[in-house]
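Given next are the chains, with one letter for each unit.
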Amino acid sequence: MLRIIFLGAPGAGKGTISDIIEKKYNYKKISTGDLIRAEVKSNSIIGEKLRPIVDKGELVSDDIIVEIVKKRVTSKYINKGYIMDGFPRNINQAKELSKIEVDREVVIYLKVGNEEVIFNRLLSREICKNCEAIFNTKNKPPKVEGVCDICGGILEKRTDDNEGTIEERLRVYIEVTKPIIKYYEDKGVLYRVDASISIEEVFKKIGEILN
Ligand code: AMP
């Protein structure tokens, strides 16, 4: 079993690259952001509690997220490996994940040097309401405006992709998520990839790491 973990600031391309790797290698993508958004959309009691946290750009509690992740990674639908997109987000989550054993762990830090790139990417991002596919009106526009290329669903902006919330997400990233890079570096499983280059080039670099 292989575990690939993508680390990087919001807008670094974790979701987009995970989608490509999932299709190409047949590993299962686990996006905690997607799982939380689905819960919020379902209007469940827990979803209603999570909504304001996500909209403010803060992290949901470790107890909730760790349980969701543990259930997914031990699911019988995963056989070859899985890709973590958006988890872990702090040291405690990283330690919890390490308790789940795998044959190989690869952590890829997608590095974006410039905050302006992050803001521009997130402010022009659109996701499919139905299948969560990610588009970008500037860099990766859908063939038909507002319509998902993959399933024909309607594209929408994420409620947390606004300037105020992006600022908070970046602050949280720098304060609590970024220190995980050192945790994985010390474990000897970290690879750094420049994420300001094209998606194709990033994918090529990751292919070299995986092979
Ligand atoms: P993302 O789609 O990864 O940008 O996540 C969107 C939002 O979901 C985050 O801003 C958090 O509020 C929440 N979230 C996603 N993953 C986690 C996590 N591992 N721990 C805590 N909150 C998370």
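Residues numbered from 1 in each chain as written. Predicted model: local features only at pLDDT ≥ 70, side-chain atom pairs only at ≥ 80, totals over all residues. Heavy atoms only, no water.

**Structural notes on the nonpolar core**
Then step 1. Of all hydrophobic cores here, the largest spans 55 residues; its most connected members are Ile 21, Tyr 184 and Ile 206.
Then step 2. Discounting residues that sit within four places of it in the chain, Tyr 184 has contacts with Ile 5, Leu 7, Pro 88, Ala 94, Leu 97, Glu 105, Val 107, Val 189 and Leu 190.
Then step 3. By size, the runner-up hydrophobic cluster in this structure holds 5 residues, among which are Cys 128, Ala 133, Cys 148 and Leu 155. (Core = buried A, V, L, I, M, F, W, Y, C linked by side-chain atoms within 4.5 Å. Buried < 20%, exposed > 50% of the residue type's maximum accessible area, 1.4 Å probe, protein only. Contact = heavy atoms within 4.5 Å.)

**What to know about the packing of aromatic side chains**
Then step 1. Across all of its chains, the model carries 2 aromatic pairs by this definition.
Then step 2. Taking the centre distance of 5.7 Å and the plane angle of 0° together, the rings of Tyr 25 and Tyr 27 count as stacked. For the pair shown, Tyr 25 and Tyr 27 are each scored as buried.
Then step 3. Summarising the aromatic geometry, the rings of Tyr 183 and Tyr 184 are spaced 5.0 Å apart at their centres and angled 80° between planes, so their arrangement reads as edge-to-face. Each of the two residues, Tyr 183 as well as Tyr 184, counts as buried.
Then step 4. Against the face of Phe 135 rests Lys 140, its NZ or CZ located 5.2 Å from the ring centre. (Phe/Tyr/Trp six-rings, centres within 6.5 Å; stacked < 30°, edge-to-face > 60°. Lys NZ or Arg CZ within 6 Å of the ring centre and 35° of its normal.)

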